[in-house]
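Structure at a glance
Listed below are the residues making up each chain.
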Amino acid sequence: MPSLGDSQLDNPRLLTRAAAEVYRMRRERDKVLPPEFVGEPAWDMLLALYSEHPSKLPLSSLCYGSGAPPTTAMRWIRALEDDGILEQTAHSRDAGLMLVSLTRKGRLMVERALRAMLKDRFR
């Protein structure tokens, strides 16, 4: 199988589609394997945020989409915020609704991970 060149790996649409596909594949896996054998809530959150347009999700949706219990998801969100990877902002029309998005640092980190995964996949 031909390898992807570096210029192809810089295509934002390819990376967004890859993030969405990896996230979808993980959800399919979760339907088959027992919960104790799977679980990377932080990575699932990063994939979900990266593949969303616009790239903000309500806090409750991000927690649910992580596949982890809400308290675990919130711990991961706080840790990712503390590392400067995620940020929360209040919704412009509903101050009680918190939106979560990737910071520039977080977006670049996910892109680097996706590029590495895709490059190794097609060698």
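Residues numbered from 1 in each chain as written. Predicted model: local features only at pLDDT ≥ 70, side-chain atom pairs only at ≥ 80, totals over all residues. Heavy atoms only, no water.

Considering helix α3 (residues 41–51)
- Counting buried residues along α3, 11 of its 11 residues qualify, which places the element largely inside the surrounding structure.
- Every buried residue of α3 is accounted for by Pro-41, Ala-42, Trp-43, Asp-44, Met-45, Leu-46, Leu-47, Ala-48, Leu-49, Tyr-50 and Ser-51. (Buried < 20%, exposed > 50% of the residue type's maximum accessible area, 1.4 Å probe, protein only. Helix = DSSP H or I, 4+ residues; strand = E, 2+ residues; numbered from the N terminus.)

Concerning the nonpolar core
- Of all hydrophobic cores here, the largest spans 28 residues; its most connected members are Leu-46, Leu-62, Leu-86, Leu-102 and Leu-114.
- For this core, the elements supplying multiple residues, two or more each, are α2 (12–32), α3, α4 (59–65), α5 (70–82), β3 (98–102) and α6 (104–121).
- Leu-102 has contacts with Leu-46, Leu-49, Tyr-50, Ser-55, Ile-85, Leu-86, Glu-87, Arg-107 and Val-110, leaving out every residue within four places of it along the chain. (Core = buried A, V, L, I, M, F, W, Y, C linked by side-chain atoms within 4.5 Å. Contact = heavy atoms within 4.5 Å.)

A look at the environment of Ala-73
- Inspection of the secondary structure assignment puts Ala-73 in helix α5.
- Classification of Ala-73 by relative accessible area gives buried; the value is 0%.
- Between the C-alpha atoms of Ala-73 and Gly-96, which are 23 residues apart in sequence, the distance is 19 Å.
- Excluding residues within four positions of it along the chain, Ala-73 makes contact with Met-45, Cys-63, Ser-66 and Ala-68.

Regarding the packing of α2 against α3
- The N-to-C vectors of α2 and α3 enclose an angle of 135°; their axes lie 8 Å apart at closest approach. With respect to α3, the element α2 is oriented oblique. Seen from above, α2 lies across α3 with left-handed handedness. Between α2, through Pro-12, Leu-15, Thr-16, Ala-19, Ala-20, Val-22, Tyr-23, Arg-26 and Arg-27, and α3, the contact on the second element is made entirely by Trp-43, Asp-44, Leu-47, Ala-48, Tyr-50 and Ser-51.
- Class assignment for the residues of the contact of α2 with α3 results in 10 nonpolar, 2 polar and 3 charged. (Axes fitted to C-alpha atoms, helices over the stretch in contact; angles between N-to-C directions. Parallel < 35°, antiparallel > 145°, perpendicular 65-115°, else oblique. Left-handed = near helix turned anticlockwise from the far one by under 90°. Nonpolar A, V, L, I, M, F, W, Y, C, P; charged D, E, K, R; others polar.)

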